[in-house]
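Per-entry structural report
Okay, here's what each chain looks like letter by letter:
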Amino acid sequence: SVVFAVIAMALPALAVSASASSQEPITITTSKPFGPVPGTFSVSGAFTDSGQMENLSRIASGFGAPTFAGSHLTILFTGANGTFTIKAQILETVTTNPLILTNTGTWTVINGTGAYARLHGTGTISGTADDTINLITRTYRGSVHFD
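Residues numbered from 1 in each chain as written. Predicted model: local features only at pLDDT ≥ 70, side-chain atom pairs only at ≥ 80, totals over all residues. Heavy atoms only, no water.

Counted by the stated rule, this structure contains two salt bridges. The salt bridge partner of arginine 58 is glutamate 92, with a shortest N-O separation of 3.8 Å. Taken as a pair, arginine 58 in strand E3 (residues 49-61) and glutamate 92 in strand E5 (residues 82-94) lie far apart in primary sequence, 34 residues in all. Exposure remark for arginine 58: the relative accessible area of 52% places this residue in the exposed category. (Salt bridge = Lys/Arg side-chain N within 4 Å of Asp/Glu carboxyl O. Helix = DSSP H or I, 4+ residues; strand = E, 2+ residues; numbered from the N terminus. Buried < 20%, exposed > 50% of the residue type's maximum accessible area, 1.4 Å probe, protein only.)

Turning next to the pairing of E3. Here strand E2 (residues 39-45) pairs with E3 via five bridges, running antiparallel. When the bridges of E3 are listed, threonine 40 appears paired with glutamine 52. Linking E2 to E3, which pair antiparallel, is a turn of three residues. As defined by bridge partners, E3 adjoins strand E4 (residues 68-79) across ten bridges and the pair is classed as antiparallel. Of the residues in E4, the one forming a bridge with alanine 60 is serine 71. (Pairing = 2+ DSSP bridges.)

What follows is the structure, given as structure tokens:
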């Protein structure tokens, strides 16, 4: 019974140490040229970091739609403190200039290494894909936690 008493006293301490951190806001800004080339990112909010981002995969959808298309992306962010990978679903809508698309969507963290090994989060995306200057800029806003 002494062993059970010791275990019972230790369980609350283990539960506290294993609990997730609280949700914190995050903003990730990205910039990359069109095509299968890397771009750059910076993060502020829950943590700060910057580095290179690259699309690991892109599946396009909605071909034939007159004013929009979809992109399903897996994006790897490599910073000074580790890597994290997100899945993004983006709706790209034609503007008055057919070479400029507005981007809206959602994202979710699916993996991480280093300082981001226990990172979880989700949020929304806004941005533009501007073929007149060969630049895709997006802002990923949301909340993250570590557990």
